[in-house]
Amino acid sequence: MREYYDVVIMGGGPAGSTLGALLAQRTDLRIAIFDREIFPREHIGESFAHPVVPALQESGALAKVLASPCWVKKFGGVYAWDPERPSVALFDQAPFEKDGVHRWTMHVNRAEFDHILLDHAADVGVEVFQGVAVTAYEPGDRGGLVRLGDGTAVRAGYFVDASGRQSSVSAARNKRGWLSHFKNIAIWQHFTGGRQTQNLAADWNIFTDDNLSPIGCFAFRDGWCWYIPVPKVVDGKRVLTHSVGIVTNPAVLKEPGRDFTDQRTFLKTVRRVPYLKELIQDAVPVAEDMLTATNYSRVSEEFADYDERHLLVGDAAFFVDPLFSSGVAVALTQASAAALLIGETVGGGLDEADRRALWQDYNDKWHGTAETFALMIDQWYHAIAKNNPGSVYWNTRGTGADLGIREQTFDALLNTSFQPTLLEVLTHGSRRIEDLDAAGPYLAATALADPAGLTDDAVVALAPNTAIRDSVTLVVPGFKATHPPATVQLPPAVLDGMADYWRNPLTNAASAPSPLRGTVPCRRIHSTEDPHGPTVDADPRRDGVDELWALLSAGPVKYGEIAPRLTPLQTRLVKRLCVAGFLRITPAS
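Every value quoted in this text rests on a predicted model; they were computed, and no experiment measured them. For every chain, the first residue of the written sequence is number 1, and numbering continues from 1 along that sequence. Under the rules for a predicted model, residues below a pLDDT of 70 receive no local features and side-chain atom pairs below 80 are neither given nor counted, while totals for whole chains, interfaces and linings still include all residues. To obtain the side-chain values, all non-hydrogen atoms of the structure were used and water was disregarded.

A. Main features of the environment of Trp 204. Helix and strand assignments follow DSSP, with helices taken as H or I runs no shorter than four residues and strands as E runs no shorter than two, numbered in order from the N terminus. Among the structural elements, Trp 204 can be located in the loop between strand E12 (185-192) and strand E13 (214-220). Residue contacts follow a heavy-atom distance rule, with two residues in contact if any of their heavy atoms lie within 4.5 Å. Discounting chain neighbours no more than four positions away, the residues touching Trp 204 are Val 78, Arg 85, Pro 86, Val 88 and Tyr 275.

B. Local environment of helix H7 (residues 263-270). Categorising residues by exposure relies on relative accessible area from a 1.4 Å probe, with only protein chains included: less than 20% of the type maximum marks a residue as buried, more than 50% marks it as exposed, and the intermediate range marks it as partly exposed. By the criterion of burial, H7 is predominantly enclosed, with 6 of the 8 residues buried. All of the buried residues along H7 are Gln 263, Thr 265, Phe 266, Leu 267, Thr 269 and Val 270.

C. Quick peek at the nonpolar core. Take the buried residues of types Ala, Val, Leu, Ile, Met, Phe, Trp, Tyr and Cys, join any two whose side-chain atoms come within 4.5 Å, and each joined set is a nonpolar core. If you look at the biggest cluster of nonpolar residues, it comprises 76 residues, and the most contacted ones within it are Trp 81, Trp 224 and Tyr 362. For this core, the leading source of residues is helix H10 (residues 352-385), giving 14 residues. With residues up to four places along the chain from it excluded, the contact list for Tyr 362 reads Phe 303, Ala 304, Leu 311, Leu 312, Val 313, Gln 334, Ala 337, Ala 338, Leu 341 and Leu 474. Of all hydrophobic cores here, the second largest spans 58 residues; its members include Ala 61, Leu 200, Cys 225 and Val 252.

D. Inspection of the sheet that holds strand E27 (residues 583-586) at higher detail. Pairing is antiparallel in the open sheet, where 3 strands are placed in the order E26-E22-E27. Edge strands, defined here as strands with exactly one partner in the open sheet, are strand E26 (557-558) and E27. Here, any two strands with at least 2 DSSP bridges between them count as paired.

E. Quick look at the packing of aromatic side chains. The rule is short: rings of Phe, Tyr and Trp, with Trp giving its six-membered ring, pair when the centres are within 6.5 Å, and they are stacked under 30 degrees, edge-to-face over 60, tilted in between. For the coordinates displayed, the defined rule picks out 18 aromatic pairs. Look at Tyr 79 and Phe 324: their rings are 4.9 Å apart centre to centre, the planes differ by 35°, and that puts the pair in the tilted class. With Tyr 79 in strand E4 (residues 76-80) and Phe 324 in the loop between strand E21 (318-319) and helix H9 (327-346), this residue pair connects regions lying 245 residues apart in the sequence. What makes Phe 324 buried here is its relative accessible area of 9%.

F. How the structure looks around the sheet that holds strand E24 (residues 520-527). Reading across the sheet, the 3 strands line up as E23-E24-E25 and stay open at both edges, with antiparallel pairing between neighbours. The sheet is open, and its two edges are formed by strand E23 (466-473) and strand E25 (536-538), each paired on a single side. Adjacent strand axes in the sheet meet at a mean angle of 30° when their direction is disregarded. The pairing of E23 with E24 spans 8 bridges and is classified as antiparallel. The residue bridging Thr 473 from the neighbouring strand is Val 520, located in E24. For helices, the axis comes from a line fit to the C-alpha atoms of the stretch in contact; other axes are also lines fit to C-alpha atoms, and the angle between any two N-to-C directions lies between 0 and 180 degrees. Relative to the sheet, H10 contacts E23, E24 and E25, its axis offset from that of E23 by approximately 80°. Lying on the sheet, helix H17 (residues 568-580) is in contact with E24 and E25; it crosses E25 at an angle near 165°.

G. Spatial organisation of the environment of Ala 370. If you trace the backbone, Ala 370 turns up in helix H10. Among the residues examined, Ala 370 registers a relative accessible area of 0% and is labelled buried. In this structure the C-alpha to C-alpha distance between Ala 370 and Val 299, which are 71 residues apart in sequence, comes to 7.6 Å. When residues no more than four places from it in sequence are discounted, the contact partners of Ala 370 are Phe 318 and Val 320.

H. Seen up close, the environment of Lys 74. Here Lys 74 is to be found in strand E3 (residues 71-74). Given a relative accessible area of 2%, Lys 74 falls into the buried group. Between the C-alpha atoms of Lys 74 and Ser 47, which are 27 residues apart in sequence, the distance is 8.2 Å. Apart from the residues within four sequence positions on either side, Lys 74 is in contact with Ser 47, Phe 48, Phe 91, Arg 103, Trp 104, Thr 105, Met 106, His 107, Ser 213, Ile 215 and Ser 325. One polar contact links Lys 74 to Ser 325, side chain to side chain, over a distance of 3.5 Å. Pairs of N or O atoms are called polar contacts if they sit within 3.5 Å, as long as, within protein, a hydrogen donor faces a hydrogen acceptor (for residues adjacent in sequence, only side-chain-to-side-chain pairs).

I. How the structure looks around the side chain of Gln 570. Relative to the helices and strands, Gln 570 is located in helix H17. For Gln 570, a relative accessible area of 7% corresponds to the buried category. Those residues in contact with Gln 570 that sit more than four places away from it in its chain are Asp 543, Gly 544, Glu 547, Leu 548 and Arg 565.

J. Structural context of the packing of helix H1 (residues 14-26) against helix H5 (residues 110-123). Across the interface, H1 lies against H5 with an axial gap of 8 Å and an inter-helix angle of 20°. Our classification of the angle between H1 and H5 gives roughly parallel. The hand of the H1/H5 crossing is left-handed. Across the interface between the two elements, Pro 14, Ser 17, Thr 18, Ala 21 and Gln 25 from H1 touch Arg 110, Phe 113, Asp 114, Leu 117, Leu 118, His 120 and Ala 121 from H5. Classifying every residue of the contact of H1 with H5 gives 6 nonpolar, 4 polar and 2 charged. With respect to orientation, any angle under 35 degrees is reported as roughly parallel, any angle over 145 as roughly antiparallel, any angle of 65 to 115 as roughly perpendicular, and every other angle as oblique. Left-handed describes a crossing whose near helix is turned anticlockwise from the far helix through less than a right angle; right-handed describes the clockwise counterpart. When residue character is reported, Ala, Val, Leu, Ile, Met, Phe, Trp, Tyr, Cys and Pro are called nonpolar, Asp, Glu, Lys and Arg charged, and the others, Gly included, polar.

K. Local environment of the confidence of the model for the protein chain. A residue's pLDDT is the predictor's confidence in that residue, given on a scale from 0 to 100. When pLDDT is averaged along the protein chain, the result is 88, and 89% of the positions lie at 70 or above. In this model, residues 400-408 is a region of pLDDT below 50 whose contacts with residues beyond four sequence positions or in other chains number 21 contacts.

L. Summary view of H9. Here the expected span of a helix is defined as 1.5 Å times the quantity of residues minus one. An ideal rise of 1.5 Å per residue puts 28 Å on 20 residues; H9 measures up with 28 Å between its terminal C-alpha atoms. Taking burial as the measure, the 20 residues of H9 include 17 buried ones, the bulk of the element. Positive backbone phi, approximately 90°, marks Gly 348, located one or two places after H9.

M. Molecular detail of the pattern of salt bridges. Here a salt bridge means any side-chain nitrogen of Lys or Arg lying within 4 Å of a carboxyl oxygen belonging to Asp or Glu. Counted under the stated rule, the structure contains 28 salt bridges. A salt bridge links Lys 365 to Asp 537; the shortest N-O distance between them is 3.2 Å. Here Lys 365, found in helix H10, pairs with Asp 537, found in strand E25; they are 172 residues apart in sequence, far enough to count as distant. For Arg 503, the salt bridge goes to Asp 500, with nearest N and O atoms at 3.7 Å. Residue Arg 503 and its partner Asp 500 are located together in helix H14 (residues 492-503), separated by 3 residues, close to a single helical turn. Accessibility expressed as a relative area gives 53% for Arg 503, which makes it exposed. Residues joined in a network through salt bridges with shared partners are Arg 26, Glu 58, Lys 480 and Arg 517.

In structure tokens, the structure reads:
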């Protein structure tokens, strides 16, 4: 163990190991990972969303994972929230219908999967220390001191907390709040003898003909169940088990006959759930005890501190909800963003103002991603709650009342669109935002994000001391080779490249470049009186920011005089500037 590392990463899970591997391969920095556990170790989260594949390919770990027996190919999901007809979706179903190329990901045995990623980090030059806990980070001049569980310490140029949702080190200095009403408990175990979800006999089951494995998610009165194929070693033999879990409200467990941590109660319950009961009648648990995870939907107050050189990645930063298996995909992509952030910070190519702005972008944009995705999940829960008026679980979902929406969330709402797979499922394939319930939390928050008083008769003017400069930013979330929302139009060549990529991500890696391989140029609107304050970044190639700035710089103007001349992206930028306080609205008298 060295006395000093350029980057110390606390936590060797997927986020920490991916960040370490990327930095080791792209920089000359000395990297160390410390994890309090000895791998392999069990972990929740066995089914992934498809951005995992390009993230693993970028880190170099994909070939090693694919060569292992720890995974099953996954093509989408069955979401049985409607007892009459489940919703089904392939990954990026809209482009698949055009190009015929399946997007895919994995169901995995997490103990083996995580071990492969940590070993890969060591293989490419990261110094990995297992069974060594980090107990504190004490920032100082040009880095800080990382204290270890055995009483020793190492110095670090940068400290990254990738230790998951239970991190005491970051929690001691960084408040972690609940996301909406997602105070869940997950209860699960692995079973042998289960049937495959793609074998459910029904006309809606698009996975049957080609034997494509989906995740199964099945609603019932007290929550919902997952059903995931997981290859495990049981009694010395490799077998295909199924992870069967219940997500519910902890308050439900106090009701008579609903303590799902009792295995007999658990089995009795899941064998009554529509569709799921057809798959698990002959299932046998591999162990007598049930596994649990509680209170995992959280968001930290800050994800990055430039002055303290302290960064959060993965579940240590935030975790929204397990519903769409997004946790590991987000964690790996956020690790890619963190690798870019650290690499650009130490690379010497940016001045102080741009380095600070880039760290603030990492914080604000990932916060916006977390909170807008929470609102999207709330929109889903809101729709289900209306059909379950007597359920404790469903009626504590879908309210969005205590999300604590901040400026960066409004900015994200104005700057993003509804997540495509979620829109596919929630609208039963129509893919139209108009088919969502306008009273739901996402659409309600989107309406709130529109600046009040921005009418044709209102006068708009740049706030005093507002300026614009050339800068750089990073793309968030920055998923590679995945289809963007319908509001984003990609050139045919880019779409063709994405299709080619998914034909073989190992050999066709260059067909779809990663958005997080480098920073992107931007115009940054800011206040000259507050150099460390909030900013709004805009893409000069796409957003029409230069033309808009020229219009606004000419002086106060009635919004109705310029609105007909604005593109949709310029209109959105006007709203972002209003929300951030850089554009002032004077209502019509």
